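Given next are the chains, with one letter for each unit.
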Amino acid sequence: MTIFSLSTQTFSQEYRENNEVMERSNLSAKEQITNLEKENADLREQAKDHMALIKGKQNLNQSYRHRLTYETGEEREKTLKKQEATSAEIWKLVAERNAMFKTINKNDELIEALKKAPVAKPIEDKKIEKEPVVENRAEVSYEVSEYDNIDENLERDGVADINPPINAKEIYIKNGVFDLLESLADTDSLENLPVPKSLDEALNTLKTLKNNTPYTHSLKTGIESIQLFENNIVLKDKTSENQWNAKGGVLSSHSKDNANITSNINGAIATVEYGVSENNSIGFALGGNHQSSSFKGDNSLKGTSMYVGTYFENDIKNIKTVTGMGYQLTDLKSERDKNSQKYKQGTYNIFTEFSYMMDFSDTLHIEPIMRLSYYNLSQHKIKENYKDKSVNMRVKKTTKKLGNLFIGTNLIKDTHFNSGKLSSILTLGVNNTLGDRALSATGNIVGKDTMGSNFKLENEKFSKINGVTGLSLEFQGNNNTTYSTGVNFLFGDNSNRALQFNVGVGYKF
């Protein structure tokens, strides 16, 4: 009896399963297409929800990256773990979304086959991995969807070798590179790029586009240039009432940052100071320099700057106060991915410096110094012309506003000779960058007939804290002639460092 009952149950189950298969087999092509289209609509909604989740987690990861720029020790370790966990969640969602689009693409192929085939076998149960049989296979055509997996071979039952063209844009999209490509996907620019062989190559192309551009690095060289002028505009020796004090000098700066971009600035500055009274003097300066930067690959940046400045100095006993301002105009020429561009910058600075001279003896002095500076840089918009086989962009007008607080001290040792006095000056201090330190700009990818959405171009940041150490020698001759030379070394976080030199000669009359 028990055996009979089990046999009956088994027979009933097989009958129900076979009946379901028969019902599906009896569906018309139109009904099958309707069902597949409904399934695709549901999957697209799910994929849209996944995209929202991915973007939300990317924003969260961005906040973690920002925190890592200033956190240290245990806090940094905790943030790193959170960032890794969020990244894992992002890639899991990416994999799920890609699987959805793979199913959508599969369904689209079945729909096309059902529409075109004059006679077609019914769709088999989805548990059976088999394509519909079409009598006239020559009429079946397949297009590569942007959602296919790039590593998947395009093998289809009974279809002769089909190798449809794959362009770079599709490959970038397929691999879930969302942070930039969501902005670029509505243009045709990426289609002209060489097809990347791997996801790493695709990511590297995008990273180079965002991080290896002259258009943001020129913001850094513009600020560094005007800082170099500012540091050498004021004359160190006192100017007496109704006396003129003139000095000319050669300036040079060589820097390297965490993106391995090297920059060189070479120029000169001339200052003329007049003693308005015994305690007050006013100075005027004119300077110029040439800038050049080298990047990874073929990118390059060159610039020429002119600077005019003025300052007012007040000396009361051992306290010296200097307030000044200046303006710098820069002509720039860049080379980026076969695009040569010329554009301009305008930068002005305002600074106030306080110092107090403490005498330990006739030949040994200590001079604490504090300087507060403000910089406002405006870079003109840039428009690359569309060219094949390259990603072309536009960059909007960019403004950088930041400040700098220098706190340090000069240790001065005087040595007297028959012909004059030699002052050896050791400088130790700290630069604290105030305000937005990020070197970023807003760009758009330019297609042949379209322009993509806004995205951020980002290079390195200014260091929040820079250590400063330097040594200067200044000889004041009895014939009113002054000679000076010096070197400064600046070192900060993110591997930012710079070496600066100056040589000058002056005369009082």
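Everything quoted here is computed from the prediction, not taken from an experiment. (Residues numbered from 1 in each chain as written. Predicted model: local features only at pLDDT ≥ 70, side-chain atom pairs only at ≥ 80, totals over all residues. Heavy atoms only, no water.)

A. Broad picture of the overall build of the protein. A tally of helices and strands in the protein yields seven helices and 17 strands. Across the 509 residues that make up the protein, the buried fraction comes to 42%. A separation threshold of at least 6 residues defines the contact pool for the protein, and within that pool the share at least 24 residues apart is 64%. Surface exposure of the protein reaches about 27,600 Å², of which carbon and sulfur atoms provide 55%. (Helix = DSSP H or I, 4+ residues; strand = E, 2+ residues; numbered from the N terminus. Buried < 20%, exposed > 50% of the residue type's maximum accessible area, 1.4 Å probe, protein only. Contact = heavy atoms within 4.5 Å. Areas by Shrake-Rupley, 256 points an atom, 1.4 Å probe, with all protein chains shown as cover.)

B. Expanded view of the pattern of salt bridges. Taken as a whole, this structure holds eleven salt bridges when the rule is applied. Here Glu74 ties to Lys78 by a salt bridge, and the two come within 3.7 Å at their closest N and O atoms. Placement of both Glu74 and Lys78 in helix α3 (residues 73-116) is noted, with a separation of four residues, approximately one turn of the helix. For Lys78, a relative accessible area of 49% gives the class partly exposed. (Salt bridge = Lys/Arg side-chain N within 4 Å of Asp/Glu carboxyl O.)

C. Region of the structure containing the packing of aromatic side chains. Scanning all chains against the criterion turns up seven aromatic pairs. Aromatic side chains Phe489 and Phe491 sit 5.6 Å apart centroid to centroid with 25° between the ring planes, which places their arrangement in the stacked category. With relative accessibility at 41%, the residue Phe491 sits in the partly exposed group. (Phe/Tyr/Trp six-rings, centres within 6.5 Å; stacked < 30°, edge-to-face > 60°.)

D. How the structure looks around the nonpolar core. Ile223, Ile233, Val234, Ile269, Tyr311 and Phe351 are the most contacted members of the largest nonpolar core, which has 21 residues in total. Elements that contribute at least two residues to this core include exactly α7 (214-233), β2 (262-275), β4 (300-316) and β8 (364-379). For this core, the element with the most residues is α7, which contributes six residues. Look past the residues within four positions of Ile223 in its chain and what remains in contact with it is Tyr375, Leu377, Leu402 and Phe462. In this structure, Tyr343, Ile382, Met393 and Phe455 belong to the second largest nonpolar core, which totals 14 residues. (Core = buried A, V, L, I, M, F, W, Y, C linked by side-chain atoms within 4.5 Å.)

E. Expanded view of α7. Over its 20 residues, α7 extends 28 Å from the first C-alpha to the last, a length consistent with the 28 Å expected when each residue adds 1.5 Å. Between the side-chain oxygen at the start of α7 and the backbone nitrogen of Tyr215 there is a gap of 3.2 Å, and the oxygen is on Thr213. (Expected span 1.5 Å × (residues − 1). Polar contact = N/O pair within 3.5 Å; in protein donor to acceptor, adjacent residues only side chain to side chain.)

F. Looking closely at the environment of Thr213. Here Thr213 is to be found in the loop between α6 (199-211) and α7. When its relative accessible area of 1% is taken as the criterion, Thr213 is described as buried. The sequence separation of Thr213 and Arg336 amounts to 123 residues, and the corresponding C-alpha distance is 6.8 Å. Within the structure, Thr213 has its side chain in polar contact with the backbone nitrogen of Tyr215 (distance 3.2 Å).

G. Highlighting unusual backbone geometry. Backbone geometry at Asn242 places phi at a positive 60°, although glycine is not the residue there. Following the sequence through the fold, Asn242 ends up in the loop between α7 and β1 (244-256). With a relative accessible area of 52%, Asn242 lands in the exposed category. Unlike most non-glycine residues, Asn480 shows phi in positive territory, near 70°. Topologically, Asn480 is positioned in the loop between β15 (465-477) and β16 (481-492).

H. Seen up close, the environment of Asn289. Locating Asn289 in the fold gives a position in strand β3 (residues 280-294). Between the alpha carbons of Asn289 and Phe229 there is a distance of 9.4 Å; along the sequence they are 60 residues apart. Discounting residues that sit within four places of it in the chain, Asn289 has contacts with Ser225, Phe229, Ile265, Asn266, Gly267, Gly303, Thr304 and Ser305. Among the polar contacts listed, one links the side chain of Asn289 to the side chain of Gln291, at a separation of 3.2 Å.

I. View of the pairing of β1. Both β1 and β2 contribute to a ladder of 13 bridges, which runs antiparallel. Within β2, the residue paired with Lys247 across the bridge is Thr271. Two elements, β1 and strand β17 (residues 497-508), share twelve bridges in a ladder whose sense is antiparallel. What sits directly across from Asn245, in β17, is Lys508. (Pairing = 2+ DSSP bridges.)

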